[in-house]
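Observations on the three-dimensional arrangement
For reference, the chains in residue letters:
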Amino acid sequence: MTTTLTKGPFKADHVGSFLRPERIKQARLQVENGEMTKKQLRAIEDEEIRKLVEKQKQIGLKAVTDGEFRRAWWHFDFLSELVGVELYEAESGIQFHGVQTKAHGIKVTGKLDFNHHSMIEDYKFLHQAAGKEHVAKFTIPSPNMLFFRGHIEESAYSDTDVFFADLVKTYQKAIQAFYDAGCRYLQLDDTAWAVFFSEKGQEQIASKGFTPQELLKRFTDAINESIAHKPDDMVITMHICRGNFQSTYTASGGYENASKAIFSQLNVDGLFLEFDDERSGGFEPLRHVKRDDLQIVLGLITSKFGDLEDPEAVKKRIAEAAEFVSLDQICLSPQCGFASTEEGNLLTEEQQWDKVKHVISITEDVWK
C-alpha cells in the first residue's frame, strides 16, 4: 500500500488548462467588437469556471483549476501584467510544427516588479469555488519564460545578471502574494527547458550567447531562488513542456541533456513531465532523482488527440519508470493541458473528460 497524498501533486492529477466553452469564446468576440463589457465577460467566466470546478470534483479529481478560462495564452497573460513588461503586436507568431500562433509578443521595457496583478483575484475566485474538500491549483509561467520568450530592451536591462536578480525578486513577491491569497498548490509552466533536448535547441542557446551549461545554471538558479522563501505548507511544482498549440508542438528530444539539473538540482516539490510519445525519449534520465520527496508526474496520456491509450500499455510504462524511481513517488496525468491557448487542442470536450477519467481509472488500478 502507498501513502495517500493529502496535498499535490496527486496520484491522478492534471496540468491545468481545459478547452474553453463556446460561450466564453463568443463573449470574448463580443468584447472585441464592443458589444459586451469586460465586466459582463467576467461574470460569464465566473459561471463557466464554477461549472468546470464542479465537473472536476464530480469525476474524482482532488486538485481543481479554473481551466485558465480567463486567459488567451498560458504565459503572456501573466507575464504582461508584471511591472516593466508589455504585450505587443509582433511581426510573426511562435512557430509550431506546421502551424503558427497569433502574432503577439512580450517585451521588458522597465525595471521588473510584482504589484496589483489580476491573477491574484482570479486565484481567490478559484479558491472559493474549490471549497474545503478540494485543493485549488493555480498555474503561472516559470520565470525562465520571460527571459526565453521576452524581448529585453537595452534601456531596461543591459546586464543579464541584474535582469535575473530582479526577475527572481519579482517572482518571490508573486509567490508570496498567491500564498497570502490562500494558494497552497502552485505550478510553474516552462517550455524553455526544451532547448536542451534537441540539436535545434542547442542552436537557440548559442544564439542567445550562452553555452548549454551556462544556461542550465541560469534556469536552475532562477527557479530555485524564486521559490527559496516559499512557506513550508505550499507545494510548488513545475511542468516541463515541448509546446502545445492546436494539438501540435515546438520541440522534440529526451530529457538526458538536462537531466542532472532537472532531477538532481531543482528544489520543486514535483515535476510534470511529458512522456506521451517517442519525442520525449525514455525513462533513463529519472535515474538522477536523488530525493524521495520529489513527486514525478508522468504525462503518459496525451491531451493532443481524443483516442484513449491502452490502459495496460500505460501501466506497463509506469512499471518501467518505477525501475528508476520509487512507485510511491510516481503520479499520472495528461502530458499537457487541453488548451494552452484559447484556441485549444483538436479534440472534443467529451474526449477531454474521457482522458481525465482514464487517468483516474488507471491510477486506481496501479495504486490500490
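To be clear, the structure that these remarks concern was listed above.
Figured I'd write up the structure that's included with this text. Computed from a predicted structure; not experimentally measured.

Calculation notes
- Residues numbered from 1 in each chain as written.
- Predicted model: local features only at pLDDT ≥ 70, side-chain atom pairs only at ≥ 80, totals over all residues.
- Heavy atoms only, no water.
- Helix = DSSP H or I, 4+ residues; strand = E, 2+ residues; numbered from the N terminus.
- Rg over C-alpha atoms; globule rule 2.2 N^0.38 Å.
- Buried < 20%, exposed > 50% of the residue type's maximum accessible area, 1.4 Å probe, protein only.
- Contact = heavy atoms within 4.5 Å.
- Areas by Shrake-Rupley, 256 points an atom, 1.4 Å probe, with all protein chains shown as cover.
- Pairing = 2+ DSSP bridges.
- Axes fitted to C-alpha atoms, helices over the stretch in contact; angles between N-to-C directions.
- Phe/Tyr/Trp six-rings, centres within 6.5 Å; stacked < 30°, edge-to-face > 60°.
- 1 Å grid on protein atoms, 1.4 Å probe; cavity = no way out; pocket = protein on both sides within 12 Å on 5 of 7 lines; lining within 4 Å.
- Points joined across faces, edges and corners; volume = space filled by probe spheres on them.
- Nonpolar A, V, L, I, M, F, W, Y, C, P; charged D, E, K, R; others polar.
- Expected span 1.5 Å × (residues − 1).

1. Regarding the overall build of the protein
A tally of helices and strands in the protein yields 11 helices and 12 strands. Against the compact-globule benchmark of 21 Å for 368 residues, the protein has a radius of gyration of 19 Å, which places it among compact chains. Counting over 368 residues, the protein shows a buried share of 56%. Look at the contacts in the protein between residues 6 or more apart in sequence, and 78% of them connect residues 24 or more apart. Summed over its atoms, the accessible surface of the protein is roughly 15,700 Å², and 48% of this surface lies on carbon and sulfur atoms.

2. A few points about the pairing of strand β8 (residues 185-190)
Here is the key point about a regular strand: its side chains alternate between the two faces of the sheet. With 6 of its 6 residues buried, β8 lies for the most part within the structure. Of the two faces of β8, the one holding Tyr185, Gln187 and Asp189 and the one holding Leu186, Leu188 and Asp190 are both buried throughout. Pairing geometry for strand β6 (residues 135-141) and β8, over 5 bridges, is parallel. The residue bridging phenylalanine 138 from the neighbouring strand is leucine 186, located in β8. The sheet contact formed by β8 and strand β9 (residues 235-240) spans 6 bridges and is parallel. Paired with leucine 186 across the strands is isoleucine 236, a residue of β9.

3. Some words on the sheet that holds β9
Here 7 strands make up an open sheet; going across it, the order is β1-β6-β8-β9-β10-β11-β12 and the pairing parallel. For this open sheet the edge positions go to β1 (63-64) and β12 (330-334), each flanked by a neighbour on one side alone. Sheet strands touched by helix α11 (residues 349-366): β11 (295-301) and β12. Its angle to β12, the strand with the most contacts, is close to 160 degrees.

4. Things to note about the packing of aromatic side chains
In total, this model carries 19 aromatic pairs according to the counting rule given. Measuring from centroid to centroid gives 4.8 Å for phenylalanine 18 and tryptophan 353, while their planes differ by 20 degrees, and the two rings are stacked. With phenylalanine 18 in the segment before α1 (22-32) and tryptophan 353 in helix α11, this pair connects stretches of sequence that are 335 residues apart. With centroids separated by 5.5 Å and ring planes inclined at 80 degrees, the aromatic side chains of tyrosine 157 and phenylalanine 163 adopt a geometry described as edge-to-face. Exposure remark for phenylalanine 163: the relative accessible area of 1% places this residue in the buried category. What links up through ring pairs into an aromatic cluster is the set Phe147, Tyr157, Phe163, Phe164 and Phe210.

5. So, the layout of surface pockets
Space left empty within the atom packing is revealed by a probe, the size of a water molecule, rolled over the atoms. The space that makes up the largest pocket amounts to roughly 890 Å³. What lines the largest pocket is a set of 28 residues, among which Arg28, Leu41, Arg70, Ala72 and Asp77 lie closest to the centre. Elements represented by at least two residues in the lining of the largest pocket include exactly α1, α2 (38-59), α3 (76-79), β2 (83-89) and α4 (118-130). Considering each element in turn, the lining of the largest pocket owes the most residues, 6 residues, to α1. Considered class by class, the residues forming the lining of the largest pocket number 9 nonpolar, 4 polar and 15 charged.

6. Topic: α11
A rise of 1.5 Å per residue sets the reference length of α11, with its 18 residues, at 26 Å; its end C-alpha atoms lie 26 Å apart and thus fit the reference within 8%. Among the residues making up α11, those that are buried are Gln352, Trp353, Lys355, Val356, His358, Val359, Ile360, Ile362 and Thr363. Contact partners of the buried residues in α11: α2, β11, α10 (311-321) and β12.

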